[in-house]
Amino acid sequence: MTDVTGAPADVLHTLFHSDQGGHEQVVLCQDRASGLKAVIALHSTALGPALGGTRFYPYASEQEAVADALNLARGMSYKNALAGLDHGGGKAVIIGDPEQIKSEELLLAYGRFVASLGGRYVTACDVGTYVADMDVVARECRWTTGRSPENGGAGDSSVLTAFGVFQGMRASAQHMWGDPTLRGRKVGVSGVGKVGHHLVDHLREDGAEVVITDVRADSVRRILDRHPSGVTAVADTETLIRTEGLDIYAPCALGGALNDDTVPVITARIVCGAANNQLAHPGVEKDLADRGILYAPDYVVNAGGVIQVADELQGFDFDRCKAKATKIFDTTLAIFARAKQDGIPPAAAADRIAEQRMAEARRR
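Residues numbered from 1 in each chain as written. Predicted model: local features only at pLDDT ≥ 70, side-chain atom pairs only at ≥ 80, totals over all residues. Heavy atoms only, no water.

The contact between helix 12 (residues 304-312) and helix 13 (residues 318-326) brings their axes to 9 Å, and the two run at 145 degrees. The element helix 12 and its partner helix 13 pack so that their crossing is right-handed. Within the contact between the two elements, helix 12 uses Gly 304, Ile 307, Gln 308 and Asp 311 and helix 13 uses Arg 320, Cys 321, Lys 324 and Ala 325. Taken together, the residues that form the contact of helix 12 with helix 13 break down as three nonpolar, two polar and three charged. (Axes fitted to C-alpha atoms, helices over the stretch in contact; angles between N-to-C directions. Helix = DSSP H or I, 4+ residues; strand = E, 2+ residues; numbered from the N terminus. Left-handed = near helix turned anticlockwise from the far one by under 90°. Contact = heavy atoms within 4.5 Å. Nonpolar A, V, L, I, M, F, W, Y, C, P; charged D, E, K, R; others polar.)

Laid out in structure tokens, this is it:
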């Protein structure tokens with residue numbers, strides 16, 4: 001079903017009427033010469049210009065792409081608020097297989113669309129886009145971060161994303177077991193790509209036993225070659241989450257990892273990972289709590305990357321960024337404390353804290 005504009009009616013209902021909507025602006029972008037089809041969603045600019053990455057993905061439909069952009073943009077508002085950044089939330093998705101259609105012409109066209117927003121949206125890397133891509137986009141748009149150091153940028157944001165997840169994991173261990181070390185703990189990491197492989201490095205350095213899986217065999221092989229001991233691999237995520245003796249499960253691939261099928265069979269006591277939008281739908285956070293599983297909200301612990309790209313706008317300083325990302329440990333503990341105080345799941349507590357900051361900004 002479509003409305004009079006031809007847009008899917010359920011997408012418009014989400015945008016204007018549902019609790020998951022409330023976005024300020026959604027831009028549909030098309031450049032037929034390059035094959036670009038993109039969606040830019042701005043959820044909030046209450047705290048400042050919307051900041052969020054560009055996802056390049058072969059969505060099954062335009063409707064699915066719009067829905068993903070809306071969800072991701074909303075998540076960025078909450079992430080940026082809890083990271084203490086003076087930025088609202090936005091996200092862009094480019095529709096298509098990046099290995100098939102990504103080109104310089106397409107990225108330049110995309111940059112022109114971002115530039116047309118006049119600074120209301122600042123873009124960066126996400127799934128399917130890389131530092132080299134942002135260098136191209138920046139040729140048409142000065143509101144681009146995640147560029148290479150050679151072009152005045154901060155480089156790969158996955159380094160501090162993984163570091164922040166590690167800090168959130170340490171805080172989760174502190175809350176659950178009274179000790180922030182992961183030494184002797186068994187941690188399952190699903191997805192060992194851009195962020196996951198850095199996370200494994202931190203875990204092994206801290207003395208954790210790690211179990212990994214990834215849809216790409218070369219990514220698994222890279223980890224096993226890098227860590228010949230202390231790391232094992234399993235066939236898929238379904239096997240990973242059922243692994244006996246697993247203490248922590250770290251979803252580090254695409255969203256929706258925590259759903260009605262996976263939550264009942266997770267063996268881990270803690271879920272803390274880098275993937276965005278891990279909760280497949282509202283209510284999953286309560287299901288986790290009912291099973292006694294501690295969930296570290298994804299948009300809290302994976303904020304290291306956005307901290308890095310935001311810092312690039314004022315002249316990147318890695319040590320300054322790492323110090324900010326280290327505070328994810330304290331923020332995560334504060335959320336667990338708020339959850340206990342209010343008698344609600346950690347995800348709901350994180351939402352309340354973020355919403356409070358955004359509401360206070362709107363009143364100024």
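What follows picks up the thread again.
As a further point, take the environment of Leu 42. Looking at where Leu 42 falls in the secondary structure, it is placed in strand 2 (residues 36-44). Sequence separation between Leu 42 and Tyr 121 is 79 residues; the distance between their C-alpha atoms is 7.2 Å. Beyond its immediate chain neighbours, meaning those up to four positions away, Leu 42 contacts His 23, Glu 24, Gln 25, Ala 50, Gly 89, Gly 90, Arg 120 and Tyr 121.

Moving on to the pattern of salt bridges. The tally for this structure, following the rule as stated, stands at 21 salt bridges. The partner of Glu 99 in a salt bridge is Arg 216, and the shortest N-O contact between them spans 4.0 Å. With Glu 99 in helix 3 (residues 98-101) and Arg 216 in the loop between strand 8 (209-213) and helix 8 (217-226), this pair connects stretches of sequence that are 117 residues apart. The salt bridge involving Asp 218 is made with Arg 216; its shortest N-O contact spans 3.2 Å. According to the relative accessible area criterion, Arg 216 is partly exposed, its value standing at 44%. Linked by salt bridges that have partners in common, Arg 55, Asp 68, Lys 91 and Asp 126 make up one network. (Salt bridge = Lys/Arg side-chain N within 4 Å of Asp/Glu carboxyl O. Buried < 20%, exposed > 50% of the residue type's maximum accessible area, 1.4 Å probe, protein only.)

This part covers the nonpolar core. Leu 36, Ile 40, Ile 94, Tyr 110, Tyr 121 and Val 306 are the most contacted members of the largest nonpolar core, which has 35 residues in total. Elements represented by at least two residues in this core include exactly strand 1 (25-31), strand 2, strand 3 (50-51), strand 5 (88-95), helix 4 (104-115), strand 6 (121-122), helix 5 (131-137) and helix 12. Of all the elements, helix 4 adds the most residues to this core, at six residues. The contact partners of Leu 36, leaving out residues within four places of it in the chain, are Cys 29, Gln 30, Asp 31, Ile 94, Leu 106, Ala 109, Tyr 110 and Phe 113. Counting 29 residues, the second-largest nonpolar core is a separate cluster that includes Val 192, Ala 208, Val 210 and Cys 252. (Core = buried A, V, L, I, M, F, W, Y, C linked by side-chain atoms within 4.5 Å.)

Here we come to helix 2 (residues 62-82). In a regular helix each residue adds 1.5 Å, so 21 residues correspond to 30 Å; helix 2 covers 31 Å between its end C-alpha atoms and thus fits that length. By the criterion of burial, helix 2 is predominantly enclosed, with 16 of the 21 residues buried. (Expected span 1.5 Å × (residues − 1).)

Across the sheet, which stays open at both edges, the six strands sit in the order 9-8-7-10-11-12 with parallel pairing between neighbours. Strands at the two margins of the open sheet, each flanked by one partner only, are strand 9 (231-233) and strand 12 (294-295). Pairing between strand 7 (residues 186-190) and strand 8: five bridges, direction parallel. In the strand pairing of strand 8, Ser 190 is matched with Thr 213. Its contacts with the sheet put helix 7 (residues 196-205) on strand 7, strand 8, strand 9 and strand 10 (248-251), and the angle it makes with strand 7 is roughly 170 degrees. Strands strand 8 and strand 9 of the sheet are contacted by helix 8, whose axis makes an angle of about 155 degrees with strand 9. (Pairing = 2+ DSSP bridges.)

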